[in-house]
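In case you want the letters, here they are:
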Amino acid sequence: DTVETAFFKAVMATHDARLSEARAHIIAAQQLLQSELTALVGESYHRAYRATVQVQQLAELEEILLHKADPEAMPLPLLLSVWRGRLLQAERSADVWQEILSVRALVAPPARDPQTW
């Protein structure tokens, strides 16, 4: 498997509320990404930044799992507030923002979070 394959399997499992399976795919993606990120950091900032965005996507996917498992423990308004702060720290690039926002759409589509979109 590649990082992308594990990531998309995690997204699909999350969408279908198969939370344990999603968690396993997230862990697999994180493990694959760890060695890739280590190698990329030594090469160039630009190449490493893409992997850093993937790390953020996986972290936010984990937060979505926590929200889906127990909405009271991880309330959506709290997630949206944290995510808005992170987005402001991201590179101002449509491609980067689209990647980040696409994961968030699992629980906060544009109609539910117009402030961000």
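Starting from 1, residues in each chain are numbered consecutively following that chain's sequence as written. Thresholds applied to this predicted model are a pLDDT of at least 70 for local features of residues and 80 or more for the giving and counting of side-chain atom pairs; totals over whole chains, interfaces and linings are not thresholded and use all residues. Note that water and hydrogens are dropped before the side-chain values are worked out from all heavy atoms of the structure.

Undergrad: What is the right way to look at the pattern of salt bridges in this model?
TA: Note on pairing: side chains with opposite charge can pair once their charged atoms come close. Salt bridges are defined by distance alone: a side-chain nitrogen of Lys or Arg within 4 Å of a carboxyl oxygen of Asp or Glu. Counted under the stated rule, the structure contains nine salt bridges. We note a salt bridge from Arg23 to Glu62, for which the minimum N-O separation is 2.4 Å. Separated by 39 residues along the polypeptide, Arg23 in helix H2 (residues 19-43) and Glu62 in helix H3 (residues 45-69) bring together distant segments of the chain. For the exposure calls, accessible area comes from a 1.4 Å probe over protein chains only, and a residue counts as buried if that area is under 20% of its type's maximum, exposed if over 50%, partly exposed in between. The exposure class assigned to Arg23 is partly exposed, which follows from its relative accessible area of 34%. Measuring nitrogen to oxygen at the nearest pair gives 2.6 Å for the salt bridge that ties Arg86 to Glu63. With Arg86 in helix H4 (residues 76-89) and Glu63 in helix H3, this pair connects stretches of sequence that are 23 residues apart. When salt bridges that share partners are traced, they join Glu60, Glu63, Arg86 and Arg104 into one network. Per the convention used, a helix needs a DSSP run of H or I reaching at least four residues, while a strand needs a run of E reaching at least two, with both numbered from the N terminus.

Undergrad: So what exactly am I meant to see when it comes to H2 here?
TA: One turn of the α-helix equals 3.6 residues, which is why residues spaced by three or four share an orientation. The span expected for a helix works out to 1.5 Å for each residue beyond the first. Helix length check: H2, at 25 residues, gives a terminal C-alpha distance of 35 Å against a target of 36 Å (1.5 Å per residue), a fit within 8%. Helix geometry: H2 is bent most strongly at Leu33, by close to 25°. Along H2, the residues classified as buried are Ala22, His25, Ile26, Ala29, Leu33 and Leu40. Those residues of H2 hidden inside the fold are in contact with helix H1 (3-15) and H3. To get the bend at a residue, fit one axis to the 7 residues ending there and another to the 7 starting there, then take the angle between the axes. Every residue pair with non-hydrogen atoms within 4.5 Å of one another is taken to be in contact.

Undergrad: Got a minute to help me understand H1 in this structure?
TA: Compared with an ideal rise of 1.5 Å per residue, which puts 13 residues at 18 Å, H1 spans 18 Å between its outermost C-alpha atoms and is within 8% of the ideal. Those residues of H1 lying buried are Val3, Ala6, Phe7, Ala10, Val11, Ala13 and Thr14. Projected onto a plane normal to the axis of H1, the buried residues spread over an arc of 165° and lie on a single side. Every exposed residue of H1 that faces more than 90 degrees away from the buried side is listed here: Phe8 and His15. Taken together, the buried residues of H1 touch H2, H3 and helix H5 (94-104). Where H1 ends, the next residue or the one after it, Ala17, has phi of about 65°, a positive value. Arc definition: directions from the helix axis to the C-beta atoms.

Undergrad: Can you walk me through the packing of aromatic side chains in this structure?
TA: Given two aromatic rings, their pairing is described by the distance between the two centres and the angle made by the two planes. Stacked, edge-to-face and tilted are the three classes for Phe, Tyr and Trp ring pairs, Trp counted by its six-membered ring, which pair at centre distances within 6.5 Å; planes under 30 degrees apart are stacked, over 60 edge-to-face, the rest tilted. Scanning the model with the defined rule gives one aromatic pair in all. Geometrically, the ring pair formed by Phe7 and Phe8 is edge-to-face, given 5.1 Å between the ring centres and 70° between the ring planes.

Undergrad: It is not clear to me how unusual backbone geometry should be interpreted in this structure. Could you clarify?
TA: Keep in mind that most residues, glycine aside, have a negative phi and that most peptide bonds are trans. Even without glycine at this site, Ala17 takes up a positive phi of about 65°. Among the structural elements, Ala17 can be located in the loop between H1 and H2.

Everything listed here is a matter of geometry and, on its own, says nothing about what the molecule does.
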